[in-house]
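Single-letter residue listing:
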Amino acid sequence: MKTKLECKEVKVFYKDFQALHGIDMDIFENRVTALIGPSGCGKSTFLRTINRLNELIEGTRTEGEIYLDEKNIYSNEIDVVALRKKVGMVFQKPSVFPMSIYENIAYGPKIHGIKNKGKLDSIVEKSLVAANLWQEVKDRIHKPAAGLSGGQQQRLVIARVLAVEPEVILMDEPASALDPISTSKLEELIGELKKQYTIVIVTHNMQQAARVSDFTGFFLNGFLIEYSKTNDLFVNPHDKKTEDYITGRFG
Amino acid sequence: MKKNKLSEGLVEILLRISAGASVLAIIIITVFIFYKGIPLIAKVGIIDFLFNLKWVPTNGSFGIGAMVIGSLAVTFCSLVWSVPLGIMTAILMAEIAPPKLADVLARFVELLAGIPSVVYGFFGLIVIVPFIRNHLGGVGLSVLAGAIVLGIMILPTIINISRDAILAIPKEYKENSLALGATHYQSIFRVILPAASSGIITAIVLGLGRAIGETMAVLMVTGNAAVLPDSLLAPVRTMTSNIVLEMGYAAGDHQAALFATGTVLFIFIVILNLAVSISMKAGTENGN
Ligand SMILES: Nc1ncnc2c1ncn2[C@@H]1O[C@H](COP(=O)(O)OP(=O)(O)OP(=O)(O)O)[C@@H](O)[C@H]1O
Ligand SMILES: [Mg+2]
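Residues numbered from 1 in each chain as written. Chains lettered and ligands numbered in written order. Predicted model: local features only at pLDDT ≥ 70, side-chain atom pairs only at ≥ 80, totals over all residues. Heavy atoms only, no water.

Side note on the site of ligand 1
Residues and elements named next belong to chain A. As a reminder of what qualifies: Nearness is defined per residue: one heavy atom within 4 Å of the molecule or strand is enough. Whenever a nitrogen or oxygen atom comes within 3.5 Å of another N or O atom, the pair is scored as a polar contact, on the condition that within protein one atom can donate a hydrogen and the other can accept it, and that pairs from neighbouring residues in sequence are kept only if both atoms are in side chains. Values of accessible area rely on a 1.4 Å probe in the Shrake-Rupley scheme; residue burial ignores everything except the protein chains shown. Only DSSP runs of H or I with at least four residues qualify as helices, and only runs of E with at least two residues qualify as strands; both kinds are numbered from the N terminus onward. Under the scheme applied, nonpolar residues are Ala, Val, Leu, Ile, Met, Phe, Trp, Tyr, Cys and Pro; charged residues are Asp, Glu, Lys and Arg; polar residues are all the others, including Gly.
If you check the shell around ligand 1, you find 13 residues, and the closest are Ser39, Gly40, Ser44, Thr45 and His204. Residue Thr45 places a side-chain N or O atom 2.4 Å away from an oxygen atom belonging to ligand 1. Between ligand 1 and His204 there is a distance of 2.7 Å, counted from an oxygen atom to a side-chain nitrogen or oxygen. Within the complex, the protein chains bury 64% of what would otherwise be the 630 Å² of accessible surface of ligand 1. For the shell around ligand 1, the elements supplying multiple residues, two or more each, are strand 2 (17–28) and helix 1 (43–50). Among the residues making up the shell around ligand 1, the classes are represented as five nonpolar, six polar and two charged.

This is the structure:
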């Protein structure tokens, strides 16, 4: 098991407010790592340190180091654009661009310099197939993406990330807007994707964390309280606070 | 309770009266202009009226072709430079400048919008016209002078509406685009601007409407010769100027011809408004 991401003493400040207090966490390649914890504990903030998206928010400061394949992504030599190509992100609310399904998927590859029509076609198809969406949309890929259902849009967004061929995929509550059927499809998909990608997923649903993840980290008030194999964390939590949370006594 | 109902009823009646009054005013003006103008257009023939280049009203020759072209030329030339500049400024204000600078810029744009058109005209006459005369040739009073002054005047419209259109684009588009490894500029030009395009088109059309209808400033800097301009440096007369210049002494068919000019302008503006509502409708359909 190879360490894909090594986080060391990661702290994030929104102006004066400290949202993360020194997170140390190793994330492993081709595994699914779930982040759980009550609302406002810093899960999204942590996720967004991995693709350096927090820095879009004015007044945000990040301290510490995160090594992606042993390279510190917070060092000055890092090209943030190249980093974000390697670390894709699926947001909580699917946000499709106001263009066709095809153009949504082809957007990333085009940005990264692929112009050949045939190549783009095959990337679009491959990504949609991988995201379990191809069958449903193959007859209307040139229609506006906004016409898709919520669950389809979420898979479209995943396909859009896959089209860029990232190494790590961050997912922030990807199932929060989905019905049970779409959710189980998505979970199946995550199981498929981990063969090729390293996945970090934030979820409020503990059953979901238990079902899809290999490792789970429990966050509380900006601290990583406990981090271990999913099974260990749920069956045999070491920290009282973890136990309280997973048994539903608070949060 | 009862009192409340009563006052609500009164407010409603008041609102209805005001709405009715403004609609009535618009209808009366419209009917009047058409009533005065249409017979002359019919008499001269619409093709002749619109395209004949000879405007010698004292001689019974009513062709506003030179003025139609004059209006279009001045408007087009003003848009040519003010649209790109306005959109770029809007992008700068909405996406690139730090909030404080964007704020200062917004104040300046507001100021620009508040200056009366006669002041723009005066500025054009005192600064731009002599500059053209001394450095580019001709008398200075010209299409070019009109285009410069008009362009400045419609910049606030273009900037404000484009900026609002860009700001109205969900922040998520940008975040998603950046998260896919796009640069800030790629995100602006490939996602944000296309998403805002219907608003930007609206901005352009409204600017166009303002430019075509503007009178005072144009009158002061274009020289007003009722002939077809043969270069950017030649004087030109617009449809609006035509009405203002001659309404003081025109009578009979001549006066009717001025109303007919107004009718043509009116139809221009109506078409532009239609274009705006179509583009806005297209925008809401695309957006959601
Ligand atoms: N842009 C911001 N400015 C200021 N404070 C912020 C900002 N974003 C988040 N925070 C604060 O940082 C803390 C962590 O927020 P974060 O969004 O990471 O929580 P979360 O664990 O993802 O919560 P949720 O489960 O509700 O999504 C919260 O207290 C939040 O109020
Ligand atoms: Mg969150």
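Past the structure itself, the notes keep going.
Here's the deal with the sheet that holds strand 7 (residues 168–172) of chain A
All names here are of chain A. Here is the rule: Note: two strands are recorded as paired if DSSP finds a minimum of 2 bridges between them. Lines are fitted to the C-alpha atoms to define the axes, a helix being fitted only along its stretch in contact, and any angle between axes, read from their N-to-C directions, falls within 0 to 180 degrees. For this analysis, residues touch if any pair of their heavy atoms sits within 4.5 Å.
Strand order in this open sheet of six strands is 6-7-8-3-9-10, and the pairing throughout is mixed. Each having just a single partner strand, strand 6 (87–90) and strand 10 (223–229) make up the two edges of the open sheet. Neighbour to neighbour, the strand axes of the sheet diverge by 15° on average, direction disregarded. Alignment of strand 7 against strand 8 (residues 198–202), held across five bridges, turns out to be parallel. Counted as the bridge partner of Asp172 is Val202 from strand 8. Together, strand 6 and strand 7 form the strand contacts of helix 6 (residues 150–162), whose direction differs from that of strand 6 by roughly 175°.

Description of the packing of aromatic side chains
To be explicit about the condition: The rule is short: rings of Phe, Tyr and Trp, with Trp giving its six-membered ring, pair when the centres are within 6.5 Å, and they are stacked under 30 degrees, edge-to-face over 60, tilted in between. Summary of the burial criterion: residues with accessible area below 20% of their type's maximum are buried, those above 50% are exposed, and those between are partly exposed, where the area comes from a 1.4 Å probe applied to protein chains only. A positively charged side chain is recorded as over a ring if its NZ (Lys) or CZ (Arg) lies within 6 Å of the ring centre. The angle to the ring normal must also be within 35 degrees.
According to the stated counting rule, one finds nine aromatic pairs over all chains in the structure shown. Ring geometry for Phe46 of chain A against Phe219 of chain A: centres 5.5 Å apart, planes inclined by 40°, an arrangement best described as tilted. Of this pair, Phe46 of chain A sits in helix 1 while Phe219 of chain A sits in strand 9 (residues 215–220), placing them 173 residues apart in sequence. Taken individually, Phe46 of chain A and Phe219 of chain A each receive the classification buried, so the pair is uniform in this respect. On the numbers, 5.5 Å between centres and 90° between planes, the contact of Phe34 of chain B with Phe266 of chain B is edge-to-face. Taken together, the residues Phe34 of chain B in helix 1 (residues 2–44) and Phe266 of chain B in helix 12 (residues 252–287) connect sequence positions 232 residues apart. Grouping aromatic residues by their ring pairs yields a cluster made of Phe28, Phe215 and Tyr227 of chain A. Here the guanidinium or amino end of Arg61 of chain A rests over the ring plane of Phe13 of chain A, the centre of that ring lying 4.2 Å away.

Remarks on the nonpolar core
To be explicit about the condition: Nonpolar cores were defined as sets of buried Ala, Val, Leu, Ile, Met, Phe, Trp, Tyr and Cys residues, with membership established by side-chain atoms within 4.5 Å.
Leu128, Leu156, Ile158 and Met171 of chain A are the most contacted members of the largest nonpolar core, which totals 77 residues. Here this core gets seven residues from one element, more than from any other, and that element is helix 3 (residues 65–96) of chain B. With sequence-adjacent residues up to four places away left out, Met171 of chain A is seen in contact with Leu47, Val90, Ile158, Ile190, Leu193, Ile199, Val200, Ile201 and Val202 of chain A. By size, the runner-up hydrophobic cluster in this structure holds 29 residues, among which are Cys7, Met25, Tyr74 and Val87 of chain A.

Section: the pattern of salt bridges
Residues and elements named next belong to chain A. Let me state the cut-off plainly: The salt bridge criterion pairs a side-chain nitrogen of Lys or Arg with a carboxyl oxygen of Asp or Glu, the two atoms within 4 Å.
Counted according to the given criterion, the structure contains 25 salt bridges over all chains. A salt bridge links Arg61 to Glu63; the shortest N-O distance between them is 2.6 Å. Residue Arg61 is classed as partly exposed on the basis of its relative accessible area of 41%.

Description of the packing of helix 7 (residues 171–179) of chain B against helix 8 (residues 184–195) of chain B
All names here are of chain B. We count it as follows: Should an angle fall under 35 degrees it is called roughly parallel, over 145 degrees roughly antiparallel, and 65 to 115 degrees roughly perpendicular, with every other angle called oblique. For a crossing to be left-handed, the near helix must be turned anticlockwise from the far one by less than a right angle; the clockwise case is right-handed.
Orientation of helix 7 relative to helix 8, taken along the N-to-C sense of each, is 140°, at an axis distance of 9 Å. Viewed along their axes, helix 7 and helix 8 adopt a mutual orientation that is oblique. Here helix 7 runs over helix 8; the crossing is right-handed. Of the residues in helix 8, those in contact with Tyr173, Lys174, Ser177 and Leu178 of helix 7 are His184, Ser187, Val191, Ile192 and Ala195. Broken down by class, the residue content of the contact of helix 7 with helix 8 amounts to five nonpolar, three polar and one charged.

Comments concerning the layout of surface pockets
Definition in use: A 1.4 Å probe that fits into a set of points on a 1 Å grid over the protein atoms alone but cannot get out defines a cavity; an open set with protein on both sides within 12 Å along at least five of seven lines defines a pocket, and lining residues are those with an atom within 4 Å of a point. Grid points are joined across faces, edges and corners, and a volume is the space filled by probe spheres set on the points.
There is about 640 Å³ of room inside the largest pocket. Residue lining of the largest pocket: 20 residues in total, with Leu56 of chain A together with Ala94, Glu95, Lys171 and Lys174 of chain B positioned closest to the centre. Counting residues per element, the ones that place at least two in the lining of the largest pocket are helix 3, helix 4 (99–114), helix 6 (143–167), helix 7 and helix 8 of chain B. Each residue belonging to the lining of the largest pocket can be placed in one class, and the counts come to 14 nonpolar, one polar and five charged.

Scope: geometric values only; no functional claims are made or implied.
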